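# Summary of structural features
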Amino acid sequence: MTLAEAAPQALNFDCETGNYHTFCPISCVAWLYQKIEDSFFLVIGTKTCGYFLQNAMGVMIFAEPRYAMAELEEGDISAQLNDYNELKRLCEQIKRDRNPSVIVWIGTCTTEIIKMDLEGLAPKLEGEIGIPIVVARANGLDYAFTQGEDTVLAAMAARCPTKVVESETEERNAIQKLLNFGRKKDEIAATDTEYKDHAPLVLFGSLPDPVVTQLTLELKRQGIKVSGWLPAKRYTELPVIEEGYYVAGVNPFLSRTATTLMRRRKCKLIGAPFPIGPDGTRAWVEKICTVLGIEPQGLAEREAQIWESLEDYLQLIRGKSVFFMGDNLLEISLARFLVRCGMTVQEIGIPYMDKRYQAAELALLESTCNEMGSPLPTIMEKPDNYNQLQRIQDLQPNLVITGMAHANPLEARGISTKWSVEFTFAQIHGFSNARDVLELVTRPLRRNQALANLGWEKLVADV
Ligand code: SF4
């Protein structure tokens, strides 16, 4: 028998207690109600959930958002009130006041614990009030932060139509409509020939509209036509999905949606790294091209050009170390991009690691570290924030990417921090947004430079 040799250069996976800070997944309503313009989100929970949303969404709550809390009372919990009638009353009121095309029910910890059968109630009520009701269990018991979007999109994937009537085709593909805006019919037909002949491709993941346009155009340069996005701008424009369609994700936290599309809708998943940073974007486009049998054109030059434009920011971070405490599942992609920028990643905390869905991203992280001569970081699933703080104390990283709970206390101890939640709301996908990612990463470092030599970077209270 020979001893198996441990591969010296393999990523190291570890798992802690899951005692860490993150946003509750119900926060996804904040960006999804803005993305899906004709939707209404009803969070069925308690005051705890309401307080969280009200605070986390900041100024947005003053803009008459299309979300509301169905606050459970004592009578709901002890089953003295009838869940169905209560929800019907609320949904009728929503229909009267806002007339949405879809109502999304967000299940919370409480509905889980009292086993409220939302999935059972929804179809009946849907039939009665005549508005589709989509149920997503985005609760804090099972998921973290961005995974909330994953549960909603997985539920919506089941609602995408299989066939569409010819007259509606143009209506449904809003992004194509946008690209064709102001053009005549024959001109549109002419541009259609610019596309290569390939199997239909649907992309999934909620991104701001400008980024959707950028990525769609990026693929158009390669002759690839995006048949639709899940989600679209409106619920009524959800893309047609038929068996055998290709699907590709734009974000690392969409593993349930990917699974639903593969298992229930019989789609073929293109497993690619995610289009974050110029390296990720190139790898993403390349992989899609390869799978669809298209020779990618001019990507190397395009990537090189973007890197060149980032040089001023790269000078600031090259050789510096970064520690991800982990709370939004974007960590692997961001770490891979930062290693390519010349940073050393000491630890990648992550709430949940789907090694299958993120396989291509993990492989790219590994090869990037090897190419850059950077040590392979430990990937810490379900981290323990307390232990992480001890490690931060020992390692003294140049930058810690973390939540608001630890940011100020770390700053007071002389450790620079970047608030992790900003990465989920900023535009970080595609070639042209690489600069925005570095804008965020370098901000604390630039501030430190500006305030250097004042002599009071450590101001922790003496106890
Ligand atoms: S963790 Fe549970 S109780 Fe807390 S806000 Fe989220 S869903 Fe509500």
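That block above? That's the structure.
Notes on the structure follow. (Residues numbered from 1 in each chain as written. Predicted model: local features only at pLDDT ≥ 70, side-chain atom pairs only at ≥ 80, totals over all residues. Heavy atoms only, no water.)

### Re the sheet that holds strand S12 (residues 378–381)
Reading across from one edge, S1-S12-S11-S10-S13-S14 is the order of the 6 strands in this open sheet, with parallel pairing throughout. Looking along the sheet, the strands with just one partner apiece sit at the ends: strand S1 (12–15) and strand S14 (417–419). Looking at each pair of strands side by side, their axes are set apart by 20° on average, direction ignored. Sheet topology places strand S13 (residues 399–402) next to S14; 3 bridges connect them, and they run parallel. When the bridges of S14 are listed, isoleucine 401 appears paired with lysine 418. Of the strands in this sheet, S13 and S14 touch helix H19 (residues 404–412), which is tilted by about 155° from S13. Relative to S14, helix H21 (residues 434–450) is tilted by about 140°, and along the sheet it contacts S13 and S14. (Pairing = 2+ DSSP bridges. Helix = DSSP H or I, 4+ residues; strand = E, 2+ residues; numbered from the N terminus. Axes fitted to C-alpha atoms, helices over the stretch in contact; angles between N-to-C directions. Contact = heavy atoms within 4.5 Å.)

### What about the pairing of strand S10 (residues 321–324)?
Where burial is concerned, the two faces of S10 agree: the one with Ser321 and Phe323 and the one with Val322 and Phe324 are both buried. Where S10 lies against strand S11 (residues 344–350), 4 bridges are found, and the strand directions are parallel. Counterpart to valine 322 in the pairing with S11 is valine 345. Where the polypeptide runs from S10 across helix H16 (residues 331–340) and back to S11, its parallel neighbour, the crossover connection is right-handed. Across 3 bridges, S10 lies against S13 in parallel orientation. By the bridge assignment, phenylalanine 324 is partnered in S13 with isoleucine 401. (Buried < 20%, exposed > 50% of the residue type's maximum accessible area, 1.4 Å probe, protein only. Right-handed = clockwise from strand over helix to strand, strands pointing away.)

### A look at the sheet that holds strand S2 (residues 39–45)
If you walk across this open sheet you meet the 4 strands as S3-S2-S4-S5, and the pairing is parallel. The sheet is open, and its two edges are formed by strand S3 (67–71) and strand S5 (133–136), each paired on a single side. This sheet shows a mean twist of 25° between the axes of neighbouring strands, independent of strand direction. With 6 bridges joining them, S2 and strand S4 (residues 102–107) adopt parallel strand pairing. Each residue of the ladder has a partner; that of valine 43, found in S4, is isoleucine 106. In this fold helix H1 (residues 28–35) packs onto S2, S3 and S4, with an angle of close to 160° to the strand it touches most, S2. Packed onto the sheet, helix H4 (residues 83–98) meets S2, S3 and S4 and runs at close to 155° relative to S2.

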